[in-house]
Amino acid sequence: MLRRTLLLWLKTTAVLVAQRDISGSKDHPILSRYPGSVIRFYKHVDFDKYPLALSVDNGRPAAVKEIEGKTTKITYQNPDGRSAYEIYSNYRDALKKAGYQDLFSCEGDACGRAMYWQQLNGLYASGGPREARNLTVRGKSSGNDYTVAMSVNTGYTIIHVVEHKAMESGLVAASAAE
């Protein structure tokens, strides 16, 4: 009996730990997560360059434009029993309702090959290539300009948010050359 109770406790604890977000992560303030999703990767920097693809050509991201600003990258593990299409549609509809304008979208094979997205900016959620859906939008929230690029597939949703802002400057001093 004690052994059975201990095994049940271990299994329950393992499931609860597996369903927690990684330490130090949080949702971006302009976009909530799909219910039941769990953060598996999180990176935030106050200023960075971001290569934004606005089309696909010969299976590769194309029309790449460098944008700059405060950058947040989040990878969510999708909840069981939900399709990539359902999750994608909820994000697309929420962004559209909030006034964001489409810059680029694709689905399935039209999104190109995953390895090229990984090389460019890491924006390709793992899963079947026919289930892949990418969306890039731009809009304002609380007076700030944002670009949101996302990829949804059967297992994961990846969201990259760039808040367009100038780099903080004047942080380094140099003496005049003689």
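Keep in mind that what you see is a predicted model, and the values were worked out from it rather than measured.

Colleague: Give me the lowdown on the overall build of the protein chain, citing residues and values where you can.
Modeller: Each helix and strand counted, the protein chain has three helices and eight strands in total. Tracing the protein chain from N to C terminus, the helices and strands come up as α-β-β-β-β-α-β-α-β-β-β. By the burial criterion, 37% of the 178 residues in the protein chain qualify as buried. For the protein chain, restricting intrachain contacts to residue pairs at least 6 apart in sequence, the fraction spanning at least 24 positions comes to 62%. Surface accessibility of the protein chain: about 11000 Å² in total, with carbon and sulfur atoms responsible for 52%.

Colleague: Describe the state of the cysteines, listing the residues and the values that go with them.
Modeller: Summed over all chains, the structure comprises one disulfide. With its sulfur 2.2 Å from that of its partner, Cys106 forms a disulfide with Cys111. Since a negative S-S torsion denotes a left-handed disulfide, the Cys106-Cys111 link at about 115° is right-handed. Neither residue differs from the other here; Cys106 and Cys111 are each classed as buried.

Colleague: Give a description of the packing of aromatic side chains that names residues and reports values.
Modeller: All told, the structure shown has one aromatic pair when counted by the stated rule. Ring geometry for Phe104 and Trp117: centres 6.3 Å apart, planes at 25°, overall stacked. Of this pair, Phe104 sits in strand S5 (residues 101–107) while Trp117 sits in helix H3 (residues 114–120); the two residues are 13 residues apart in sequence, bridging distant segments of the chain. A residue is classified by how much of its surface remains accessible, and Phe104, at 11% relative accessible area, is buried.

Colleague: Give a description of the pairing of strand S8 (residues 156–163) that names residues and reports values.
Modeller: Taking burial as the measure, the eight residues of S8 include seven buried ones, the bulk of the element. Looking at chain direction, strand S4 (residues 65–77) and S8 are connected through eight bridges and run antiparallel. By the bridge assignment for S8, Thr75 is matched with Ile158. Of the pairings in the sheet, the one linking strand S7 (residues 144–152) to S8 comprises seven bridges and is antiparallel in character. By the bridge assignment, Val148 is partnered in S8 with Val161. The hairpin formed by S7 and S8 contains three residues between the paired strands.

Colleague: Quick rundown of the nonpolar core? Include the residues and the values.
Modeller: In this structure, Tyr91, Leu95, Val148 and Ile159 are the most contacted members of the largest nonpolar core, which totals 21 residues. Taken together, the elements giving at least two residues each to this core come down to strand S1 (38–52), S4, helix H2 (84–97), strand S6 (133–141), S7 and S8. With five residues, H2 is the largest single contributor of residues to this core. Not counting the four nearest positions on each side in its chain, Leu95 is found in contact with Leu31, Tyr100, Leu135, Val137, Val148 and Met150. By size, the runner-up hydrophobic cluster in this structure holds 15 residues, among which are Tyr50, Leu52, Cys106 and Leu123.

The rules behind the values
Residues numbered from 1 in each chain as written. Predicted model: local features only at pLDDT ≥ 70, side-chain atom pairs only at ≥ 80, totals over all residues. Heavy atoms only, no water. Helix = DSSP H or I, 4+ residues; strand = E, 2+ residues; numbered from the N terminus. Buried < 20%, exposed > 50% of the residue type's maximum accessible area, 1.4 Å probe, protein only. Contact = heavy atoms within 4.5 Å. Areas by Shrake-Rupley, 256 points an atom, 1.4 Å probe, with all protein chains shown as cover. Disulfide = S-S within 2.5 Å. Phe/Tyr/Trp six-rings, centres within 6.5 Å; stacked < 30°, edge-to-face > 60°. Pairing = 2+ DSSP bridges. Core = buried A, V, L, I, M, F, W, Y, C linked by side-chain atoms within 4.5 Å.

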